[in-house]
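Understanding the architecture of this molecule
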Amino acid sequence: TERKITVTCSVSYFDNVKQKEIFSKKFSQFQVYLLSDVETNREVAVINAIEQVSEDILLAVVSGW
């Protein structure tokens, strides 16, 4: 009755001025969606997972400031 979708991104944060890699990490988030109205629910789940991954990346970037 449910499915799980996972969004995974590999991110490299590089300082071009100092020619130095700040970090290189993988970020992953998942969402569970119902199989009723599968197309709509899957799209919403993907959007939510992407938003969560984006927030995780942003926090990783600004946490070292």
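1. Focus on the environment of Asp 56
With respect to the helices, strands and loops of the structure, Asp 56 is situated in helix H1 (residues 38–62). Sequence spacing of Asp 56 and Ser 28 is 28 residues, and the spatial spacing of their C-alpha atoms is 8.8 Å. If we skip the residues at most four places from it in the chain, Asp 56 touches Phe 27 and Gln 29. Polar side-chain contacts of Asp 56 include one of 2.7 Å to the side chain of Gln 29.

2. So, H1
Here H1 contains 25 residues, and its C-alpha end-to-end distance of 36 Å stays within 8% of the 36 Å for a straight helix at 1.5 Å per residue. Taken together, the buried positions of H1 are occupied by Ala 45, Ala 49, Val 53 and Ala 60. Those residues of H1 that are buried are in contact with strand S1 (2–15) and strand S2 (20–34).

3. A closer look at the nonpolar core
With seven residues, the main nonpolar core is built from Val 7, Val 11, Phe 23, Phe 27, Ala 49, Val 53 and Ala 60. Among the secondary structure elements, those contributing two or more residues to this core are S1, S2 and H1. At three residues, H1 tops the list of elements feeding residues into this core. Once residues within four sequence positions are removed from consideration, Phe 23 is found in contact with Val 11, Ser 12, Tyr 13, Ala 60 and Val 61.

4. What about the environment of Glu 21?
Topologically, Glu 21 is positioned in strand S2. When the C-alpha atoms of Glu 21 and Ile 57 are compared, they prove to be 15 Å apart, with 36 residues separating the residues in sequence. Residues within four places of Glu 21 in sequence aside, it is in contact with Ser 12, Tyr 13 and Phe 14.

Conventions and cut-offs
Residues numbered from 1 in each chain as written. Predicted model: local features only at pLDDT ≥ 70, side-chain atom pairs only at ≥ 80, totals over all residues. Heavy atoms only, no water. Helix = DSSP H or I, 4+ residues; strand = E, 2+ residues; numbered from the N terminus. Contact = heavy atoms within 4.5 Å. Polar contact = N/O pair within 3.5 Å; in protein donor to acceptor, adjacent residues only side chain to side chain. Expected span 1.5 Å × (residues − 1). Buried < 20%, exposed > 50% of the residue type's maximum accessible area, 1.4 Å probe, protein only. Core = buried A, V, L, I, M, F, W, Y, C linked by side-chain atoms within 4.5 Å.

By themselves, these are just geometric observations and shouldn't be taken as functional.
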